[in-house]
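# Reading the structure
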Amino acid sequence: MRSFTLSSQWTALFVLVTALCGLFTSTVSVKYENFKTCDQAGFCKRNRAYADSASVSGWEAPFKLTPESLSWKNAQLQGTILKTINKDGETVRLPITISFLESGSARVTVDEEKRQKGEIELRHSSIARKERYNEAESWAIVGGLDLSKTATESRDTKTSTVKYGSEGQFEAVVTFAPFGIEFKRNGVTEIKLNDRGLINVEHWRPKVDKVEPEKKEGEETPVPETPAGEDESTWWDESFGGQTDTKPKGPESVSLDITFPGYEHVFGIPEHAGPLSLKQTRGGDGHHSDPYRLYNADVFEYIMDSPMTLYGAIPFMQAHRKDSTVGVFWLNAAETWIDIIKEKQSHNPLSLGIGSKTDTKTHWFSESGLIDVFVFLGPTPKDVTKAYGELTGYTQLPQEFSIAYHQCRWNYNTDEDVKDVDRKMSKHQIPYDVIWLDIEYTHEKEYFTWDPLQFPDPIGMLKQLDKSERKLVAIIDPHIKNNGYPIVEDLKKQDLAVHNKDGQIYEGWCWPGSSHWIDCFNPAAIKWWITLFKYDKFKSLPNLFIWNDMNEPSVFNGPETTMPKDNLHHGKWEHRDVHNINGMTFHNATYQALLERKKGELRRPFVLTRSFYAGSQRLGAMWTGDNQANWDHLAAAFPMILNNGIAGYPFAGADVGGFFGNPEKDLLTRWYQAGAFYPFFRGHAHIDTRRREPYLAGEPYTGIITQALRLRYALLPAWYTAFHEASVDGTPIIRPHYFEYPGDEAGFAVDDQFFVGSTGLLAKPVVKEGADSVDIYLPDEEIYYDYFNYENYTGRGSKTISAPLEKIPLLMQGGHVIPRKDRPRRSSGLMKWDPYTLIIVLNKAGTAKGELYVDDGETFDYQSGAYIHRTFSFENGVLSSTDIASKGKLTDKYLKTMKNVGVERIIIVGAPKSWDGKKTVKAGKGEAQIEFHAEEENKAAWAVVKNPKVAIGEDWKIEF
C-alpha cells in the first residue's frame, strides 16, 4: 500500500482508509456497489421507463417541429420543436439547428429556450450556470464545421428535404409531426433519428412542495396518493453511497433514439471491456441487462464482457453491414448511457428468417447538456473515421521513442534502482526506450518534487539514461496535496482549483490525503500549470516526460470514487455537465506544458492519460487501466484497443503482464508477444507484485520475451509509418477485419486478430492458456506467408497456425512491402542512422507495394517538409522507390542529414523460380548480389539482395 500523510480530520481519515482497503483487497475484483446501475441513476431509469411507455400501442410522441418556425440559410435549417407537457396542451420551446457540412457530415442540435435565456430559478441559492452546457465543442471539435456551399432544401406541409454531399448523394428528410429525421445515401435510408419517438428533453420546472395530508388525532398517518405520470423521486436530489447530489437545476436529461436499418453490427463507444461488436442491452442472445455506460471512473480490476463504465468515454459509434459503414457522434460531456436492441425483420412471413435483415436500434441518454449529434454516412469505414477525425482531430504524431517499449512498475524505489534496471536491460541486450516512475519518487506525494533521500540525484539518473538515448516518464496527477507546500498555496492564492457547490475550493481525498484539484477548464490554470514544468521549477532534463493518472478525476471519498456532480468549474459550470471532458482538460494542460519547457526548444510532447474523451487523441497515448494478471484480461485487451482505434484514438495499449497479481511465466511471455502489437507498448505492475523485468524471467522465457521486443524494434519503421497515416486521415493503427474487408460478412465480428497499418501484416497473438496453435481467418484468396519461415497459406477461411511458446502467429499478406531495421540496438534512438531492410512480399500476380514515412522523430520540423515519404513498388521485375512527399522549406536540409542512410538488404518472399541461378541484379547505376533460396515443401521461395547501395531518401530502381 502506498504511504501518505493525512491531516487530523479523523472522519475523513476513516473514509480514506476504508476506500484504500477496498482498493487493495487483491482477492476481489471491482466493487459493484461503488458504482451505479441504471436503476440507481435517476435519469437512466426515467429514460428507460419513457422508452417502455413509448412502446405501448396508442402512445403519441409529444415532440413536434413547427413548420412556421423553419428557416433555411447557409446550409442550416433552424426552427423550434414544441414539447407538449400536459393535457392542457401547454408546450415548451426547444430551438433546433440542423447543419449540413462541407465534409458531407450533418449536425443536429437541440437546446431548451427557457434555460438558454436564463429564465429559470436555481434551488439552494446555487451560483451555477442556468444554461445547458454548450461548450463541449470548444474542447472536442477542432475543425470540419465549414457549412456546405451546395446543400439545397425543399419543403412541403409535412417534411423538409435537404440534399447535400459532394455529389448530392446524401439526403435528410425532416418530418415535422412527430419530429424525426431520415438520413439517406443514394436514396437508401441509413440512419433514423427519433424513429421510435424516444426524444426527450427534461424541461425546467419549479419544484412544487407537496402538502402533507393532515393527521387527525387517533388516526394513523395517511399515505399520500402518488399521481400517475413521471417518477419525480430523483428530480430534485439524488443519494448514492451516503452522499447527496443537490441538483439545483432539477431534472435536465436529454435522450434520442438512433436507428441503423439493415445494420447488425455496431462498434465503438469506448471504453468498455467486451467484444468489438457491441451486444444488446434489452433482450437478445447473451445480452447485457444495463445499457453501456459512459462516465469516466476509477474502476480497478474491472470485469470482462461488461457494459460497465471505465476510465474513458468516446460517444462515437459506427454501424456496419456488407459494404456500408455509417456513424454517429453524440457530443455530450455528461454521464451517458446507450441501450442497444437488434431486431430481425423478415422480408415476408414465409421466409423463415432467410433473407431477413437486422435493424440495430440504439437509445442515447445524457444527464444534462444539449442534444448534439453528428451524422456520418460513409460509405466506407475509412470515410467515417476520417470525417470524425476532421471534427475532433487526428491522433498525435508522437515522438518515435514513445512507440517503442516502456518499462514501468509502481514503483522503482530510488534513482539507483532506476540506473540498475537500466544497466541490467543493457547487459542482457534487451531493448527498451523508457523507464517510468509512479508517485513514490515525490517528496511525500508533493508533485514537482523529488524525494531527497530516495532520489537525491534526478539529473544524474536522467543523464545516465540519455547516454543510451533512453527516457524517463514521471507521474503527475491532478490532485495537489493540501499541506501548505508552495504549489498548493499558489493554487489557492490564484483561485485555480475546482470549487464545491458553495463556491469554495473543493477538498477531497486521494493519494496525498487532503487534496485540491486544478481546474483545467480555466485558461489561467493552464497558463500557471505550464510554468511548473520549466526546468528551473521542476528539476529535470529534456528526456523526462509525463504520465497523467487519476484524472477522471479519482476522488477516494467522492461519490462513485469521483467528484460530486454539483461541484463548480470555471464559468460556473457544474461538474455533472463536464465530467467526461475533465480528464482531457488536464491532459491538454500537461501537453501544453511540455511543448516548450525551455524557450526556443519546441518538442513533441509525450503524455500518457488514463481518462479521455473525443479529441484526446490529439494529445498523446492512453492505456486500459488497472487490469489483472490473468488470461481473460490478456484476451480482452485487443478488442478494447481495436474499439479505441476505430473511435479515433489508436495510440492505445494495456499493461503488459497485468497490473494486479503475479503472472505465471507462460502468461507473461505470451503477454509480451501480444504487447509487441499494442500501439502503446508498456509493461507495468502493482507495488505488491513481484519484480518482473524481462531479465528476471529466466530461460527460455527471457530469450522469448527479448525476441518479441526485438520484433517490435525491427518493425518500428512500419509502425511509425502507420502512426503517420493515422495522424493525417484517422485510419486506425491496428485494424479489425471489417475495416479492411467491409464486404466480408464472416469477418465483421472478428476481434482477436488484426492488420498492422497498411503493411499487410496479419497478427493473431496467442491469448489462451496452454494453446500451441491458433486458427487464423483469411478474408480473401490472396497468398499469405508466415513472417518467420515463409510457410504459405491460401484460400479464404480458417487456417491452423502452429504456435509453440516461442512463436507469434504472424502472417504477411502478398502484395506488400514492409520496411524494417534489423540491427539490434539498446533503444530506438540508437537506430536512427541504421540502414533499412525492405521485405517485398509478392502476391499471386507477382507485384507488391508499400510506403515508408521517416522524420526526425522528435520535433515539429516535419510540418515544414523535414521528412521522407516514399512508396515502394514491385512490378514486372522492377522494384522502384518514388517520392510522394510535399516539399517544404526544411526538406532539402533534412534530406542532407539522411543522405548516408541506405538500404542494406532487400528480401523478396515468393520469388519466382526463374531467378534460380541469378547472381546479380541492376541496382541504380551499379549491380548488387542476389541469393536465391528455392521453395521447400510448403515454404515459399525467397531471394535476398545484399547491399544494393541505394539511399532511403532518393529515387531509384532495382531490376531483377
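Report on the accompanying structure. Each chain has its residues counted from 1, following the order in which its sequence is written. Local features in a predicted model are, by the rule used here, given only for residues with pLDDT of at least 70; side-chain atom pairs are given and counted only at 80 or more, and totals for whole chains, interfaces and linings are based on all residues. The side-chain quantities take in all heavy atoms of the structure and omit both hydrogens and water.

### With respect to the sheet that holds strand 25 (residues 479-481)
Two strands in a sheet stick together by hydrogen bonds in their backbones, pointing the same way (parallel) or opposite ways (antiparallel). Where we set the bar: A pair of strands is treated as paired once DSSP finds two or more bridges between them. Secondary structure is summarised from DSSP: a helix means a run of H or I of at least four residues, a strand means a run of E of at least two, and numbering begins at the N terminus for each. Axes here refer to lines fitted to C-alpha atoms; in helices the fit is confined to the stretch in contact. Angles between the N-to-C directions go from 0 to 180 degrees.
A sheet is described by the order of its strands in space; here three strands give the open sequence 25-27-26, paired in antiparallel fashion. In this open sheet, the two strands that pair with only one neighbour each are strand 25 and strand 26 (508-510). Within the sheet, the average angular offset between the axes of one strand and its neighbour, ignoring direction, is 60°. Where strand 25 meets strand 27 (residues 513-517), three bridges bridge the pair, whose relative direction is antiparallel.

### Let's talk about the packing of aromatic side chains
Filter applied, for reference: Each aromatic pair joins two rings of Phe, Tyr and Trp (for Trp, the six-membered one) with centres within 6.5 Å, and gets the label stacked for planes under 30 degrees apart, edge-to-face for over 60, and tilted for any other angle. Between buried and exposed lies partly exposed: a residue is buried under 20% and exposed over 50% of the maximum accessible area for its type, with that area taken using a 1.4 Å probe on protein chains only. Counting as a charge over the ring demands two things of the Lys NZ or Arg CZ atom: a distance within 6 Å of the ring centre and an angle within 35 degrees of the ring normal.
By the definition in use, this model includes 59 aromatic pairs. With a centroid separation of 5.8 Å and 45° between ring planes, the pair formed by Tyr-506 and Trp-517 is classed as tilted. Of this pair, Tyr-506 sits in the loop between helix 8 (486-493) and strand 26 while Trp-517 is found in strand 27, placing the two residues 11 residues apart along the sequence. Note on accessibility: Tyr-506 and Trp-517 belong to one class, buried. Judged by centre distance (6.3 Å) and plane angle (50°), the rings of Trp-528 and Trp-529 are tilted. Here Trp-528 and Trp-529 have matching classes, each one buried. Feature note: the residues Phe-401, Trp-436, Phe-545, Trp-547, Phe-606, Trp-623, Phe-651, Phe-680 and Phe-723 constitute an aromatic cluster, connected by ring pairs. In this structure, Arg-682 is placed above the aromatic ring of Trp-547, and the distance from its NZ or CZ to the ring centre is 4.7 Å. Directly above the ring of Trp-719 sits Arg-712, whose terminal nitrogen or CZ lies 4.2 Å from the centroid.

### Comments concerning the side chain of Asp-751
Rules: Only four residue types enter the charge count: Lys and Arg as positive, Asp and Glu as negative, with His and the chain ends excluded. Salt bridges are defined as contacts in which a side-chain nitrogen from Lys or Arg sits within 4 Å of a carboxyl oxygen from Asp or Glu. Counted as a polar contact is a pair of N or O atoms within 3.5 Å, where, for protein atoms, one must be capable of donating a hydrogen and the other of accepting one, and residues adjacent in sequence contribute only when both atoms are in side chains. It only takes one pair of heavy atoms within 4.5 Å for two residues to be counted as in contact.
Along the chain, Asp-751 turns up in the loop between helix 15 (737-740) and strand 35 (754-756). Despite its burial, Asp-751 pairs with no opposite charge; the closest candidate is Lys-764, at 8.6 Å N-O. At 2.9 Å, the side chain of Asp-751 forms a polar contact with the backbone nitrogen of Leu-276. When sequence neighbours within four positions are dropped, the list of residues in contact with Asp-751 reads Pro-275, Leu-276, Phe-638, Pro-639 and Leu-642.

### With respect to the state of the cysteines
The cut-off we apply is this: Throughout, disulfides are identified as pairs of cysteine sulfur atoms within 2.5 Å of each other.
Under the criterion given, the structure shown has one disulfide. A disulfide bridge connects Cys-38 with Cys-44, and the sulfur atoms are separated by 2.0 Å. With the S-S dihedral at roughly -100°, the linkage between Cys-38 and Cys-44 falls on the left-handed side. Accessibility classification places Cys-38 together with Cys-44 in one group, the buried group.

### What about the packing of helix 11 (residues 631-646) against helix 12 (residues 665-675)?
Just so we agree on the cut-off: Any angle between 65 and 115 degrees counts as roughly perpendicular, while under 35 counts as roughly parallel, over 145 as roughly antiparallel, and the rest as oblique.
Where helix 11 contacts helix 12, the two axes come as close as 11 Å, and the packing angle between them is 5°. The angle between helix 11 and helix 12 falls in the class roughly parallel. Between helix 11 and helix 12, the contacting residues are Trp-631, His-633, Leu-634 and Phe-638 on the first element and Asp-666, Leu-667, Arg-670, Trp-671 and Ala-674 on the second.

### Side note on the sheet that holds strand 41 (residues 810-813)
The antiparallel open sheet is built from six strands, whose spatial order is 34-35-36-41-38-39. Both outer strands of the open sheet, strand 34 (734-735) and strand 39 (792-793), are each paired with one neighbouring strand and no more. Bridge analysis of strand 34 against strand 35 gives two bridges, and the strand direction is antiparallel. The residue bridging Arg-735 from the neighbouring strand is Phe-755, located in strand 35.

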